[in-house]
Amino acid sequence: MEGVCRVPTGERQGSPPVTLPRGRRNRGAARAVCTNTVPGGDPLNPLLHPQLVNPPFGDPGVLVEVRFERRCLLLDLGDLAPVPPRLLLRTTHGFVSHTHMDHFAGFDRLLRVCLGREKALHLFGPPGFVDRVAGKFAAYTWNLAPGYAADFVVTATAVEGDGTALTAEFHSRRRFAREADRTVQLNGGLLVAEDTLAVRAVSLDHGIPSLAFRIEEPAHVNVFRDGLDRLGLAVGPWLRDLKRAVFRADNDDAPIEAPGRDGGTVVLPLGQLKAEALSVTAGQAIAYVVDAAFTPENAARIVDLARGVDLLFIESPFRAADAETAAARRHLTTEQAGRLGAAAGARRVVPFHFSPRYLGQEEEMRREVEIAFRAAEPLGFSFDAV
């Protein structure tokens, strides 16, 4: 069995296959999801390329490469050893579900790689997260940090339970002292809102608050290479600005400068480019759910967050037969994960965060998720009561 797959009808832009960073540590994890080919997709690749950081029995985490922007997002900061430094250096945002060690211990590696660089890093986490980040910085001696030419700036944001967030900054030039504390209002859990993507969070019960995340393109601009060829245009970074002009709904008469395939610069109106080389489809959507009890309130929030996503990364620590143990530890079972994915209408599900007690039973765990996912049985309680 090559993972769990559901491909319903519809026009949503397909997510790329889940791949893994190079390295022997990741062997055996590439079967975390099946792949499907979406005809008519973007020949220049989708924007979001998610990949599991570790095998399913390792620390949970997903790296999302944002193509054409040469940057990355990280979902959880557990063991980051498999992530190449070049990708850590491209990371602009990190989203931490909660600060148990297997979800946050990798902060030190990220910090060490980025130190001495002119770089801004935005981190988000649950209530108390700013204090946890401050504690990380306080564990080290920073007498040499002000001497670095570059200023590495970390902005930490704690998502509170009342619809607000507490934010603070830490600058290497000032020895990572906590400063600029402020409270901001969140709109429906929206953490990041950009032209090309948005990130939203919901809080789940794990005995402590544990955040789940959804990363989504507002829309996906497909660029067709044959259209560019007909217009005599070369592929390049200018396509990023072209897509942003579409997202902004710029006037069709707006002039767009592009490199000619044979050299020089070509100026064409946006409307012509849209008509001859572009199409707009529904954007990609990815959801990430870890460390959550199977309760009516959690289930309702997970289903709402993951509704219609292309790819749902969802924890499956315990086998279906061990539901009582899972409930006591406020985790999901394989069966519950599959049912939640089905209820959300996710196109594909990636089960991960398996308990080490099941080493050697990976295929059985995947099969339990798949059976529940395909059966699409009711969850066993009504969301109306939540």
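Notes on the structure in this doc start here. What you see is a predicted model, and the numbers here were worked out from it, not measured in a lab.

## Some details on the overall build of the protein
So, point 1. Secondary structure summary: the protein contains eleven helices and 19 strands in total.
So, point 2. Of all 386 residues assigned to the protein, the portion counted as buried reaches 51%.
So, point 3. For the protein, the exposed area adds up to about 16,500 Å²; of that, 50% sits on carbon and sulfur atoms.

## Let's talk about the pattern of salt bridges
So, point 1. Applying the stated criterion across every chain, the model contains 20 salt bridges.
So, point 2. In this structure, Arg214 and Glu216 form a salt bridge, with 3.0 Å as the shortest nitrogen-oxygen distance.
So, point 3. Look at Arg214 and you get buried, because its relative accessible area is 8%.
So, point 4. One salt bridge in this structure joins Glu370 and Arg374, with 2.9 Å as the shortest N-O distance. Taken together, the positions of Glu370 and Arg374, both in helix α11 (residues 362-375) and four residues apart, correspond to about one turn of that helix.
So, point 5. Connected through shared salt-bridge partners, Glu69, Arg71, Glu194 and Arg244 make up one network.

## Considering empty space enclosed by the protein
So, point 1. Applying the stated criterion across every chain, the model contains one cavity of 30 Å³ or more.
So, point 2. If you add up the space inside the largest cavity, you get close to 90 Å³.
So, point 3. Leu47, Arg67, Phe68, Glu69, Thr196, Glu217, His220, Val221, Arg240, Lys243 and Phe247 together form the lining of the largest cavity.
So, point 4. Mapped onto the lining of the largest cavity, the elements with two or more residues apiece are β13 (220-223) and α6 (238-247).
So, point 5. Its residues assigned to classes, the lining of the largest cavity shows four nonpolar, two polar and five charged.

## So, the environment of Phe313
So, point 1. Checked against the element boundaries, Phe313 lands in strand β18 (residues 311-315).
So, point 2. On the accessibility criterion, Phe313 (0% relative accessible area) is buried.
So, point 3. Sequence separation between Phe313 and Gln51 is 262 residues; the distance between their C-alpha atoms is 9.9 Å.

The rules we used
- Residues numbered from 1 in each chain as written.
- Predicted model: local features only at pLDDT ≥ 70, side-chain atom pairs only at ≥ 80, totals over all residues.
- Heavy atoms only, no water.
- Helix = DSSP H or I, 4+ residues; strand = E, 2+ residues; numbered from the N terminus.
- Buried < 20%, exposed > 50% of the residue type's maximum accessible area, 1.4 Å probe, protein only.
- Areas by Shrake-Rupley, 256 points an atom, 1.4 Å probe, with all protein chains shown as cover.
- Salt bridge = Lys/Arg side-chain N within 4 Å of Asp/Glu carboxyl O.
- 1 Å grid on protein atoms, 1.4 Å probe; cavity = no way out; pocket = protein on both sides within 12 Å on 5 of 7 lines; lining within 4 Å.
- Points joined across faces, edges and corners; volume = space filled by probe spheres on them.
- Nonpolar A, V, L, I, M, F, W, Y, C, P; charged D, E, K, R; others polar.

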